[in-house]
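Spelled out, the chains give:
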Amino acid sequence: MTDRLVYWAYALGWAVLKHLPERVARGLFDRLADYAWRRRGKRVLQLEANLRRVRPELDEAGLRALSRAGMRSYLRYWMESFRLPVWSRERVARDVQVAGFGHLREALESGRGAVIALPHMGNWDLAGTWVAQLGYPFTTVAERLKPERLFDRFVAFREGQGMEVLALTGGGVNVIGTLARRLREGRLVCLVGDRDLSEAGIEVSFFGEATRMPAGPAALCQRTGAALLPVTLWYDGPVLRAVIHPEVAVPEEGDRKARTLAMTQAMADLWEQGIREHPEDWHMLQRFWLADLPARETVGAAAAPRPEAAPEPAAEPAAEASGS
């Protein structure tokens, strides 16, 4: 599909879906999900390969049923995101239920700042809207999409929900410096952190196999003193549920690299538990484990409008080091 067709497909979604009755929109996207699932394209096959690691005890029929549920969950994310601009505050408050919110409130009210780190589960945009509407605006990072005007529309959509969005590249902004500054101001940063197969990622064990995850969340918290709060999300009928887990503390021993690895592995362990309990809501349709990659391949983030975890800063910018 050309960039122009991609743009107009998304534009049509934003323009039309929000005006359809809820039942009609949900039925349409369930049918789209089932159609994609029956075609067994490369993304569906990769989803099944990933889910096989999560639920190795399933037979082929069970795995197929799980992947179908996974595709429906993934398309539900899109349906809700297209319709989110017309949802009322009351609708958002009703349809998002969060446990452990006290961990976030405590960190922000203490003035420390906080990094919420989450995997590709449920609906990040809906959860982010819920947080922003409670009076906690936040900063996040997104990979620049093509065509450029599609990226601009995603940024405008998220900013309309109360988020500050930094382009990972090409924005003329020092991303790491800006995130560190926000945290030192006692503010909130939200980052998706379960997939980074670049050479800069930290190798961790996930469902018993090696993968890489971004070092950014743990590294930023070490540098700024902010609290690192892992989150898991899943759908429960009409409700999006989330758990904000207790802070992942910075280890007292080891160098910076060892501490970053320990903190990232601790997050991975929490996400593994959440994904094992709700595998259909883990939207990982790309190669994830290192064993699935050709030698020396570097894989970027998925071409979905998900915020990305910032890379690990190699060194503090001068302005940040001086605390200005």
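Residue positions are counted from 1 within each chain, in the order its sequence is given. Residue-level local features of this predicted model are given only where pLDDT is at least 70; pairs of side-chain atoms are given and counted only at 80 or more, and the full residue set underlies all totals for whole chains, interfaces and linings. Side-chain descriptors were evaluated using all non-hydrogen atoms of the structure, hydrogens and water having been removed beforehand.

Attention shifts here to the nonpolar core. In terms of nonpolar packing, the biggest core is built from 85 residues, with Leu104, Leu188, Phe206, Leu228 and Trp282 touching the most fellow members. To qualify as a helix, a DSSP run of H or I must reach at least 4 residues; to qualify as a strand, a run of E must reach at least 2; elements of each kind are numbered from the N terminus. The biggest single contributor to this core is helix α4 (residues 60-83), with 9 residues. Residue contacts are counted whenever heavy atoms from the two residues lie within 4.5 Å of one another. Sequence-distant contacts of Leu104, that is, excluding residues within four places in its chain, are made with Ala114, Ile116, Leu188, Leu229 and Ile244. In these notes, a set of buried Ala, Val, Leu, Ile, Met, Phe, Trp, Tyr and Cys residues joined through side-chain atoms within 4.5 Å is what counts as a nonpolar core. Note on classification: 1.4 Å probe, protein chains only; a residue is buried when its accessible area is under 20% of the maximum for its type, exposed when over 50%, partly exposed between these limits.

Whenever a carboxyl oxygen of Asp or Glu lies within 4 Å of a side-chain nitrogen of Lys or Arg, that contact is scored as a salt bridge. This model, assessed by the stated rule, comprises 20 salt bridges. Note that Glu80 and Arg76 form a salt bridge whose closest N and O atoms lie 2.9 Å from each other. In this pair, Glu80 and Arg76 both sit in helix α4, 4 residues apart, roughly one turn of the helix. Both residues of the pair, Glu80 and Arg76, count as buried. For Asp95, the salt bridge goes to Arg91, with nearest N and O atoms at 2.5 Å. Highlighted residues: Asp95 and Arg91, both in helix α5 (residues 89-95), separated by 4 residues, approximately one helical turn. Among the charged side chains, a network of salt bridges with common partners joins Glu22, Arg26, Arg83, Arg91, Arg94 and Asp95.

For the rest of this paragraph, the subject is the confidence of the model for the chain. Averaged over every residue, the pLDDT of the chain is 85; residues scoring 70 or more account for 80%. Confidence per residue, as judged by the predictor, is encoded in pLDDT with a range of 0 to 100. Across residues 297-306, where pLDDT falls below 50, the model places 35 contacts with residues more than four positions away in sequence or in other chains. Note that residues 311-324 has pLDDT below 50 and, in this model, 25 contacts with residues that lie over four places away or in other chains.

For the rest of this paragraph, the subject is the side chain of Arg182. Along the polypeptide, Arg182 turns up in helix α9 (residues 175-184). Look at Arg182 and you get buried, because its relative accessible area is 14%. The contact partners of Arg182, leaving out residues within four places of it in the chain, are Thr139, Glu164, Arg187 and Val189.

What follows concerns unusual backbone geometry. Phi at Arg40 is positive, roughly 55°, even though this residue is not glycine. With phi around 55°, Phe207 is a residue other than glycine that occupies positive phi space. The topology assignment puts Phe207 in the loop between β6 (202-206) and β7 (209-213).

So, on to helix α7 (residues 124-133). Taken across its 10 residues, α7 has 9 buried, putting it largely inside the fold. Within the span of α7, buried status applies to Trp124, Asp125, Leu126, Ala127, Gly128, Thr129, Trp130, Val131 and Ala132. A positive backbone phi angle near 100° is found at Gly135, which sits one or two residues after α7.

Further remarks concern the packing of helix α2 (residues 22-39) against α4. Helix axes are fitted to C-alpha atoms over the stretch in contact, other axes to C-alpha atoms as well, and angles between N-to-C directions run from 0 to 180 degrees. The interhelical angle for the contact between α2 and α4, taken along N-to-C directions, is 140°, at an axis separation of 8 Å. Regarding the angle of α2 to α4, the classification is oblique. Relative to α4, α2 is oriented so that their crossing is right-handed. Of the residues in α4, those touching α2 at Glu22, Ala25, Arg26, Phe29, Asp30, Leu32, Ala33, Asp34, Ala36 and Trp37 are Arg64, Ser67, Arg68, Met71, Arg72, Leu75, Arg76, Trp78, Met79, Glu80, Phe82 and Arg83. All residues other than Ala, Val, Leu, Ile, Met, Phe, Trp, Tyr, Cys, Pro, Asp, Glu, Lys and Arg, Gly among them, are scored as polar; the first ten of these are nonpolar and the last four charged. Taken together, the residues that form the contact of α2 with α4 break down as 11 nonpolar, 1 polar and 10 charged. Under this scheme an angle from 65 to 115 degrees is roughly perpendicular, one under 35 degrees roughly parallel, and one over 145 degrees roughly antiparallel; angles in between are oblique. Handedness of each helix crossing follows the sense of rotation of the near helix against the far helix: counterclockwise by less than a right angle gives left-handed, clockwise gives right-handed.

What follows covers the sheet that holds strand β4 (residues 163-167). At least two bridges found by DSSP between two strands is the condition for calling them paired. Taken in spatial order, the 7 strands make up an open sheet running β1-β9-β8-β2-β5-β3-β4, and their pairing is mixed. Each edge of the open sheet carries a strand with a single partner, namely β1 (96-99) and β4. Across the sheet, the axes of successive neighbouring strands diverge by a mean angle of 25°, strand direction being ignored. Two strands pair when backbone bridges link them, and strand β3 (residues 138-142) and strand β5 (residues 188-192) are joined in this way by 2 bridges, in the parallel orientation. If you follow Phe138 over to β5, its bridge partner there is Leu188. Where α9 meets the sheet, its contacts fall on β2 (114-118), β3, β4 and β5, and the angle it forms with β4 comes to roughly 155°.

Relative to the assigned elements, Leu47 resides in helix α3 (residues 42-54). C-alpha of Leu47 to C-alpha of Leu66: the two residues are 19 residues apart in sequence and 9.7 Å apart in space. Ignoring any residue separated from it by four or fewer positions in sequence, one finds Leu47 in contact with Ser67, Gly70, Met71, Trp282, Met284 and Leu285.

Its location among the elements puts Met71 in helix α4. Using a relative accessible area of 4% as the deciding quantity, one classes Met71 as buried. Considered as a pair, Met71 and Ala33 are 38 residues apart in the sequence and their alpha carbons are 5.4 Å apart. The contacts of Met71, once residues within four sequence positions are left out, are Ala33, Ala36, Trp37, Val44, Leu47 and Leu285.

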